[in-house]
Amino acid sequence: MVTVSFTDADRARVAAAITEAEATTDGEIVAITAAQSDAYHDVGLHYALLIMFLALAVLAAWPLFWLGLLDRMVGGWGAEHSSRALLTLLFAILAAKFLVWRYISAWRPLRLALTPPATKTRRVRRRAVLLFKAGTERRTATRTGVLLYLSLAEHRAEIVADETIHAAVAPEEWGKAMALLVEAVRDGRPADGMVEAIGAIGAVLARHLPFTGTDPNELPDRLIEL
């Protein structure tokens, strides 16, 4: 788990960056950070199941080794074993493999490290869209809200725009803002990244929706931390 905290000075810088960016555009920027976008418990479960099935495959490939182990445990070499005893041993081995891995994968940093990058990207995107729908979408009269979302543990960010901006701005135009933010986070400078990304978003908005003075400020000009 990434433990990055923003200082009061960082929050003030982000708020000032939002205010400065919005002075050049009728668009509005909402900045949200989260420590992590998902717990990834299902990833731990999937690995536990995989290890269990791999153990089953090993048992099937080298049965004599496991029969010899059972002989040494309960009856000596050449002992006859019932189907019940064999199945009980099989169940005990598989259950032990599964439970041990589930216990190990309870350590969140390991679970996060084992999560495929594509899964992280999808989960961060899903969380960003949910937050956008809850707090930004259609919250302005002219549909000009933009959400900048940073998920610290995954080192991933998303930009989600309301319908007016989405119709006017091509997705690739957000690339510079995303690159600035992700690079700064990887360098351990999340506050710098937020400030730089907000500036880049403001430049895009200023080109497509320049400031007219007729659009009221309807969204919070501050960093929201989850």
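The rules behind each value
- Residues numbered from 1 in each chain as written.
- Predicted model: local features only at pLDDT ≥ 70, side-chain atom pairs only at ≥ 80, totals over all residues.
- Heavy atoms only, no water.
- Helix = DSSP H or I, 4+ residues; strand = E, 2+ residues; numbered from the N terminus.
- Rg over C-alpha atoms; globule rule 2.2 N^0.38 Å.
- Buried < 20%, exposed > 50% of the residue type's maximum accessible area, 1.4 Å probe, protein only.
- Contact = heavy atoms within 4.5 Å.
- Areas by Shrake-Rupley, 256 points an atom, 1.4 Å probe, with all protein chains shown as cover.
- Lys, Arg positive; Asp, Glu negative; His and termini not counted.
- Charge placed at Lys NZ, Arg CZ, Asp CG, Glu CD.
- Core = buried A, V, L, I, M, F, W, Y, C linked by side-chain atoms within 4.5 Å.

Chemist: Please clarify how the overall build of the chain should be interpreted in this entry.
Modeler: Each helix and strand counted, the chain has nine helices and four strands in total. In the chain, the order of α-helices and β-strands from amino to carboxyl end is α-β-α-α-α-α-α-β-β-α-α-α-β. Relative to the compact-globule value of 17 Å for 226 residues, the chain shows a C-alpha radius of gyration of 26 Å, a clear excess of over 25%. Dimensions of the chain, computed from the C-alpha atoms along their principal axes, are close to 90 × 35 × 25 Å. Scored against the burial criterion, the 226 residues of the chain give a buried share of 40%. Partitioning the contacts of the chain with sequence separation of at least 6, the portion at a separation of at least 24 is 74%. Carbon together with sulfur atoms contributes 63% to the accessible area of the chain, which is approximately 12300 Å² in total. Of the charged side chains in the chain, 24 are positive and 25 negative; the average position of the first set lies 10 Å away from that of the second.

Chemist: Explain the nonpolar core to me, please; I cannot follow it from the model alone.
Modeler: For soluble globular proteins, the rule of thumb is that nonpolar side chains tend to be buried together. Core analysis: the biggest nonpolar cluster contains 31 residues, and Trp174, Met194, Ile198 and Ile201 have the highest contact counts within it. Only helix H1 (8-22), strand S1 (28-34), strand S2 (145-151), strand S3 (156-161), helix H8 (175-186) and helix H9 (190-208) provide two or more residues apiece to this core. It is H9 that contributes the most residues to this core, eight residues altogether. Of all hydrophobic cores here, the second largest spans twelve residues; its members include Val124, Leu131, Leu219 and Ile224.

Chemist: Sorry, what's going on with unusual backbone geometry here?
Modeler: Look at Arg138: it is not a glycine, yet its phi comes out positive at around 60 degrees. Here Arg138 shows up in the loop between helix H6 (117-135) and S2. Judged by its relative accessible area of 52%, Arg138 falls in the exposed class. Although it is not a glycine, Arg143 sits at a positive phi angle of roughly 60 degrees. Mapped onto the fold, Arg143 is located in the loop between H6 and S2. On the basis of relative accessibility, which here comes to 25%, the residue Arg143 falls in the partly exposed class.

That is the geometry; function is a separate question.
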